[in-house]
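A look at the structure
Residue strings, one per chain:
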Amino acid sequence: MNAEVASVEERKQNLKGMGTARRRVEDVRFVQGKGNYVDDIKLPGMLFGDFVRSPYAHARIKSVNKEAALAVPGVKAVLTADDLKPVNLAWMPTLAGDVQMVLADGKVLFQGQEVAFVVAEDRYAASDAAELVEVDYEELPVLVDPFKAMDPGAPVLREDLDGKTEGAHGPRRHHNHIFTWEVGDKDATDRALSEAEVVAKELITYQRVHPCPLETAGCVASMDKVNGQLTLWGTFQAPHAVRTVASLISTIPEHKIRVISPDIGGGFGNKVGVYPGYICAVVASIVLGVPVKWIEDRIENLQSTAFARDYHMTGEISATRDGRITGLKCHVLADHGGFDACADPTKFPAGFFNICTGSYDIPVAHVSVDGVYTNKAPGGVAYRCSFRVTEASYFIERMIDVLARKLEMDPAELRMKNFIGKEQFPYTSALGWEYDSGDYHTAMEKALETVSYKALRDEQKANREAFARSETRSLMGVGIGFFTEIVGAGPIKNCDILGLGMFDSCEIRVHPTGSAIARLGTISQGQGHATTFAQILASEIGIPADQITVEEGDTDTAPYGLGTYGSRSTPVAGAATAMAGRKIKAKAQMIAAYLLEVHDDDVEFEVDRFVVKGAPERFKTMAEVAFAAYNNVPPGMEPGLEAVSYYDPPNMTYPFGAYICVVDIDVDTGVTDIRRFYALDDCGTRINPMIIEGQVHGGLTEALAIAMGQEISYDEMGNVKGASLMDFFLPTAVETPVWETDFTVTPSPHHPIGAKGVGESPNVGGVSAFSNAVNDAFAHLGLTHTQMPHDHWRVWKTAERLGVTA
Ligand code: MCN
Ligand code: CUM
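Calculation notes
- Residues numbered from 1 in each chain as written.
- Chains lettered and ligands numbered in written order.
- Predicted model: local features only at pLDDT ≥ 70, side-chain atom pairs only at ≥ 80, totals over all residues.
- Heavy atoms only, no water.
- UniProt positions renumbered as here; feature names shortened; annotations may be inferred.
- Helix = DSSP H or I, 4+ residues; strand = E, 2+ residues; numbered from the N terminus.
- Near = heavy atom within 4 Å.
- Polar contact = N/O pair within 3.5 Å; in protein donor to acceptor, adjacent residues only side chain to side chain.
- Buried < 20%, exposed > 50% of the residue type's maximum accessible area, 1.4 Å probe, protein only.
- Pairing = 2+ DSSP bridges.
- Contact = heavy atoms within 4.5 Å.
- Expected span 1.5 Å × (residues − 1).
- Areas by Shrake-Rupley, 256 points an atom, 1.4 Å probe, with all protein chains shown as cover.
- Nonpolar A, V, L, I, M, F, W, Y, C, P; charged D, E, K, R; others polar.
- Domains from an automatic or database assignment.
- Salt bridge = Lys/Arg side-chain N within 4 Å of Asp/Glu carboxyl O.
- Axes fitted to C-alpha atoms, helices over the stretch in contact; angles between N-to-C directions.
- Parallel < 35°, antiparallel > 145°, perpendicular 65-115°, else oblique.
- Left-handed = near helix turned anticlockwise from the far one by under 90°.

1. A short note on the UniProt feature "domain: Aldehyde oxidase/xanthine dehydrogenase a/b hammerhead" (unreviewed entry) in the chain
In this numbering, the UniProt entry assigns the feature "domain: Aldehyde oxidase/xanthine dehydrogenase a/b hammerhead" (unreviewed entry) to residues 32-141. End C-alpha atoms of residues 32-141 are separated by 52 Å, and the span's content is 16% helix alongside 36% strand.

2. Brief notes about the site of ligand 2
In the region of ligand 2, the neighbouring residues are Gln 237, Phe 268, Gly 269, Val 381, Ala 382, Tyr 383, Arg 384, Cys 385, Ser 386, Tyr 565, Gly 566 and Glu 760. In the environment of ligand 2, an oxygen atom lies 2.9 Å from a nitrogen or oxygen atom belonging to the side chain of Gln 237. Take Gly 566: an N or O atom from its main chain is 2.5 Å from an oxygen atom of ligand 2.

3. Comments concerning the pairing of strand E29 (residues 609-612)
Residues Arg 609 and Val 611 point to one face of E29 and Phe 610 and Val 612 to the other, with burial holding for every one of them. With 4 bridges connecting them, strand E28 (residues 603-606) and E29 associate as antiparallel partners. Across the sheet, Glu 606 pairs through a bridge with Arg 609, a residue of E29. With antiparallel pairing between neighbouring strands as the criterion, E28 and E29 make up a hairpin whose turn holds 2 residues, including Val 607 at a positive phi of roughly 60 degrees. Count of turn residues in the E29/strand E30 (residues 615-621) antiparallel hairpin: 2 residues, of which Gly 614 carries a positive phi of about 80 degrees.

4. Details of unusual backbone geometry
Cis rather than trans, the peptide bond between Phe 425 and Pro 426 has omega equal to -5 degrees. Along the chain, Pro 426 falls in the loop between helix H11 (411-418) and strand E20 (427-428). One non-glycine residue, Phe 268, lies in the positive phi region at around 55 degrees. Turning to its location among the elements, Phe 268 is positioned in the loop between strand E15 (257-260) and helix H8 (276-288). The class of Phe 268 is partly exposed, set by a relative accessible area of 28%.

5. Quick look at the side chain of Arg 208
Looking at the element boundaries, Arg 208 is found in strand E12 (residues 198-209). The class for Arg 208 is buried, based on a relative accessible area of 3%. In this structure, Arg 208 is in contact with Phe 307, Ala 308, Asp 310, Asp 335, His 336, Gly 337, Lys 376, Ala 377, Glu 711, Ile 712 and Tyr 714, ignoring residues within four places of it in sequence.

6. Focus: helix H10 (residues 389-407)
With 19 residues, H10 ought to run about 27 Å at 1.5 Å a step, and its terminal C-alpha atoms sit 27 Å apart, in line with that. With 17 of 19 residues buried, H10 is to be regarded as a mostly interior element. Phi for Glu 408, located one or two positions after H10, is positive at around 55 degrees.

7. Some thoughts on the site of ligand 1
Around ligand 1 sit 32 residues in total, of which Gly 267, His 529, Thr 570, Val 758 and Glu 760 are the nearest. Here an oxygen atom of ligand 1 sits 2.6 Å away from a polar atom, N or O, in the side chain of His 529. Measuring from a nitrogen atom of ligand 1, one finds a backbone N or O atom of Thr 685 at 2.8 Å. Its free accessible area being 830 Å², ligand 1 has 96% of it covered by the protein chains. Going through the elements one at a time, helix H14 (529-541), helix H15 (569-596) and helix H17 (689-708) are the ones with two or more residues in the shell around ligand 1. Its residues assigned to classes, the shell around ligand 1 comprises 9 nonpolar, 19 polar and 4 charged. Taken domain by domain, the shell around ligand 1 gets at least three of its residues from each of domain 1 (8-35 + 504-647) and domain 3 (308-489 + 652-801).

8. Describing the pattern of salt bridges
Within the structure shown, the criterion is met by 55 salt bridges. Ionic pairing is found between Lys 376 and Asp 335, a salt bridge with its closest N-O pair at 2.6 Å. Taken together, the residues Lys 376 in the loop between strand E19 (365-372) and H10 and Asp 335 in strand E18 (residues 325-335) connect sequence positions 41 residues apart. Note on accessibility: Lys 376 and Asp 335 belong to one class, buried. A cluster of three or more residues bridged by salt bridges with shared partners is formed by Arg 11, Glu 606, Asp 608 and Arg 609.

9. Describing the packing of H11 against helix H12 (residues 440-450)
Two numbers describe how H11 lies on H12: the axes approach to 10 Å, and their chain directions differ by 160 degrees. Relative to H12, the element H11 lies roughly antiparallel. In this structure, H11 meets H12 at a crossing whose hand is left-handed. From H11, Ala 412, Arg 415 and Met 416 reach across to H12, where they touch His 441, Met 444, Glu 445 and Leu 448.

10. Section: the sheet that holds strand E33 (residues 672-682)
Pairing in this open sheet of 4 strands is mixed, and the strands run E22-E32-E33-E36 from one edge to the other. The open sheet has two edge strands with one neighbour each: strand E22 (474-484) and strand E36 (739-743). Each strand of the sheet is rotated relative to its neighbour by a mean of 15 degrees, with strand direction disregarded. Pairing analysis gives 10 bridges linking strand E32 (residues 656-666) to E33, with the strands arranged antiparallel.

Here it is, written out as structure tokens:
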């Protein structure tokens, strides 16, 4: 392209800026098998670690005998809690203000808990030796049911907390109680419920699930004793936070620790937390003086790393006879497992669950959450959730359907009637959030129209009549999931993790020849940051996206940031990118004006250049300005063209969407056929429509998995049932329906480019659409609510219970 004669439109296209379906630059290496994941890192003399894990869910450890393991050829060390105690690392702090055993100290609290760490020359030797470590267990009574956790006679799980009546989030009233968190106006809500014309009540359980990323968690720790330098490669979603935490608990000065997140094969929240494997690899490297790698296998991943959900939500919703919602109440029993290791902003032990008034203008509401210990793996919150927003969204969207049934009203109509109106934004919810922008009626109308909602209901009516006449064995269900998310944590005043404020950052360097590098405090795990952040910059500073390298994940080079989760990268780091770009542009404007010998205010930016106002033939391109920045700047100005922005967002962003699912259920087999799934997303200004679509496809597939099959369940002994892909449902192309995507655009008023997050939306909105569809299929038979997952067996059981199986 000849830059001199190209039209504005051509030059715009050349930038591949915002709004372009630019191809993912990272895929060049991924599709050729040239990605660089943690397990690809091979260092001279590197050893491998493997865990001895507890077969019991609750047991006292009477003794550990390492001798036979140490005799295996190639084995270098076997670490137990006693070895970690002298360095104060037998326990570690969790992100939720609790402490967690790194290696079992006197007892184990869940099946699969780390008991000893074997280090050997190769992973086979480590694994063989791990089997030879003799552990003498004495079984203890097991607590699996969270509803029994606070019974007077419930077994004492956390002996280390004996007599502690204050936890990290207030008073504890039982030895297995972690916290109570309350928000909203209880009296006003109780009044609304007692005075209401109609009240619907339901226990809604969101089962324990697991994100199961393709790549499991792992790390390589390398302690250089000569220089006192620790380098840690790992599957970390927040590398800077890992560095700070590593420094605090190891006492190695922070500038001597370098944390690197290389390519990550999916995070989905599973790689936010800190796991014993990281600590053990670091300690082993310090002790042995060589690099140590630890990579968990699939079963270990499913059994012991951060689970998600396990929320038992009892809801009450009140309304007038004609369907105006007057109040909402929810009590949650939250099963956190053996240690409270939830990853939430410090002040939010139940995350952002108080977004559970959803998209509706509900005058009063009250939420209380009780967190309890059980003999299950710790973790919590992970899995495309944005801090318990998926639970909140599932809860309100099921409650709306339950209420609709009670009112004998169409669920779409009930939603339309109670939506927050477009003119009400910014809208402050009864539970305290300030929604930045939204236009729910438009989105819903578009969705209903696209799927011909009315015709679907007519078809359903005919189907039910045919079913009653025994002309078909199939029942049709239509499910709506309308969600409002809260993403982009978050203003430092509200959100911190371990005291680290949740801002984010971008640093840009423009090179003399007009290309650039941008470094961010976030880290992609597949979301395509290298592609999209370059697009934001291309539009801001007029350098083609193809000439901008985006780098993340190396704490020695990237500016400090809090990482990628909770769909916060676009709302926070994306904003920092635009702001840093604007600093570049401001300096470039002064240089351009100087070169053009006019006043700063007499030039204006146009796509990729500064043009003299009223004299379009007189301009300097950004590339020309970049070169001048290194040899010909105005007198008194520093040379160079660089900028950094640390962005503390004024508010979170509130993306929303309207999802509709149509399912056909064979009542004799329980087989569910997703006939149609329509997803309309509004994430404000869209940076890359193709990447957004990919995010929606991925998130919907995970929502399908959760709603229709995934569950990490336990038997009464605390054995994890189905911790392998033989039993844990991971959908393939075979089970995955065709996704129809759509959008509206309601920009965020406070984000510099108006963008909201989108990565988690499809999971947040998808689960309720599937579940509502299944429940809807049986509604005419008297069903109000049936628990997820809606696998074939459970669906068949529901049909049997309703008396319609053959
Ligand atoms: N995007 C866009 N326009 C917008 C919003 C987002 O083009 N208005 C683009 C972004 O630039 C980015 C992607 O969409 O490339 C996702 O952006 P965002 O919503 O900001 O989410 P994050 O980048 O912070 O990613 C986190 C989110 C979370 S929390 C989970 S969990 C999840 C998800 O992303 N994990 C994923 N999507 C995933 N996708 C893949 N492939 N792998 C994971 O582990
Ligand atoms: Cu909660 S899963 Mo995402 O926030 O990494």
